[in-house]
Every structure is written in structure tokens, then in C-alpha cells.
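# Chains, contacts and geometry: an overview
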Amino acid sequence: MSFEIRKIVSYVEETFIEGGKAADKPVTMVGLAVVMKNPWVGNGFVEDLKPQIRANCSDLGALMVERLVGIIGGAEKIEAYGKAAVVGADGEIEHASAVIHTLRFGNHYREAVKAKSYLSFTNKRGGPGTSIQIPMMHKDDEGQRSHYITLEMQIEDAPRADEIVVVLGCADGGRLHPRIGNRYIDLEELAAEKAQ
């Protein structure tokens, strides 16, 4: 058994200039979305979501990671990553969460990019054309604020009321011209201030 996929949508964004200043290296962000039928809609309140998770989430994760990595040009190019899901009006937020918040789904991505960080995420309810935000962070270091970035995209006809949009995002760099430091610098500064 596998999830019923209506369409797969990809989005690519390349940024060359930020704040009026050209980048030393442009940053590419990619979003890959699967629009699928919500397998739990129409069955009333489903107490146990795990049969569908066990049967389908690993295959979905493998498919999405393969396509995403192909679009950006290889897993070794990915520095930042994240995931998102949007459930249509007839579903529950828990249905969106059930697909993306499982190791059966996410481990394909973590293993492909040899990541140490957890996958940042959003999950929400929305209708066709809703804004989809994919928050990302550095794949190896949650404290690197330069890679706290968000890719935003939308699909004009999704999700329908009985669908879920499942999305993976990646970037080959962080924000252009990062200048706010990172968590470790903050910790050092705060410790020095307390010591005074």
C-alpha cells in the first residue's frame, strides 16, 4: 500500500543580492512538495494512525529525498534543511504531523545529508493556495543562526479539503551577509557580562 499522490511540485529560488549587496556566492533554496490524499479523512476519528505510518511513510520519505537531492545537484550541497506539512480542511493537524513526524519519514533525509541536527518544521491547516513556510537550520549545528532561513511557496490548487501537502526544503547556504553572530557568541557575551 502507498499514499495516493496527486502531484509533485518543486520550487527553486536563487538569491544573488540582499540589502543592495551582491553575494560572494548565490544561495539556492529548493522546496519539494507532494500533494497526497489524506488517508484518514472520511473514517471518523481514527484512534490509531500508525498502520498508515508504518505502511507508507518510509516510501514517501525515500521518494521525496531522492527528488530533492536531484534538483539541488547532490546531497553534499545541502547545508540547511527542514520540512513542513499542510492538511486540508477536512483533516486534522495530527494527520499532517503523522506523516512528517516519524523517523520512518525523516531518517531518509537525515541519512542522505549525514545530518546531526533535527529537522525544523511547521505543520498547519490551510486551503488551496495557502502559504507554505519551510523553516530550515544548519544540518549539523542548530546554533548557526546564519542558516535560520525560511522558504515560502504555495500551490494554487492544494491542499484540497481531503489532502495533505508534505514538503521538504533545503538550501546550499545560509542567509546572504549574516551579521548577528550565533548562539555560542551570545553565551560567551552573557557569561562575560555576568562576570563583571
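Residues numbered from 1 in each chain as written. Predicted model: local features only at pLDDT ≥ 70, side-chain atom pairs only at ≥ 80, totals over all residues. Heavy atoms only, no water.

If you check an unreviewed UniProt entry, the protein chain appears there as Amino acid synthesis family protein from Pseudomonas monsensis.

Right, let's talk about the layout of surface pockets for a bit. A water-sized probe rolled over the atoms picks out the places where empty space is left. Taken as a whole, the largest pocket spans an internal volume of roughly 190 Å³. Lining the largest pocket, in full, are Glu13, Thr15, Glu18, Val27, Met29, Ile149, Thr150, Gly174, Arg175 and Leu176. Counting only elements with at least two residues in the lining of the largest pocket, the list comes to β1 (5–18), β2 (21–37) and β6 (149–153). With three residues, β1 is the largest single contributor of residues to the lining of the largest pocket. Split into classes, the residues belonging to the lining of the largest pocket amount to four nonpolar, three polar and three charged. (1 Å grid on protein atoms, 1.4 Å probe; cavity = no way out; pocket = protein on both sides within 12 Å on 5 of 7 lines; lining within 4 Å. Points joined across faces, edges and corners; volume = space filled by probe spheres on them. Helix = DSSP H or I, 4+ residues; strand = E, 2+ residues; numbered from the N terminus. Nonpolar A, V, L, I, M, F, W, Y, C, P; charged D, E, K, R; others polar.)

Here the structure, examined in full by the defined rule, presents one aromatic pair. The interplanar angle of 70 degrees and the centroid separation of 5.0 Å between the aromatic rings of Tyr81 and Tyr109 together place this pair among those described as edge-to-face. Taken together, the positions of Tyr81 in strand β3 (residues 80–87) and Tyr109 in helix α3 (residues 103–112) put the pair 28 residues apart, joining distant regions of the chain. For the pair Tyr81 and Tyr109, one class covers both residues: buried. (Phe/Tyr/Trp six-rings, centres within 6.5 Å; stacked < 30°, edge-to-face > 60°. Buried < 20%, exposed > 50% of the residue type's maximum accessible area, 1.4 Å probe, protein only.)

Bringing the side chain of Glu163 into the picture now. With respect to the helices and strands, the residue Glu163 is situated in strand β7 (residues 163–171). At 2.5 Å, the side chain of Glu163 and the side chain of Arg6 are in polar contact. Among the polar contacts listed, one links the side chain of Glu163 to the backbone nitrogen of Arg160, at a separation of 2.9 Å. Here Glu163 is in contact with Arg6, Val35, Met36, Lys37, Asn38, Val86, Val87, Gly88, Asp157 and Ala158, once residues within four sequence places are set aside. (Polar contact = N/O pair within 3.5 Å; in protein donor to acceptor, adjacent residues only side chain to side chain. Contact = heavy atoms within 4.5 Å.)

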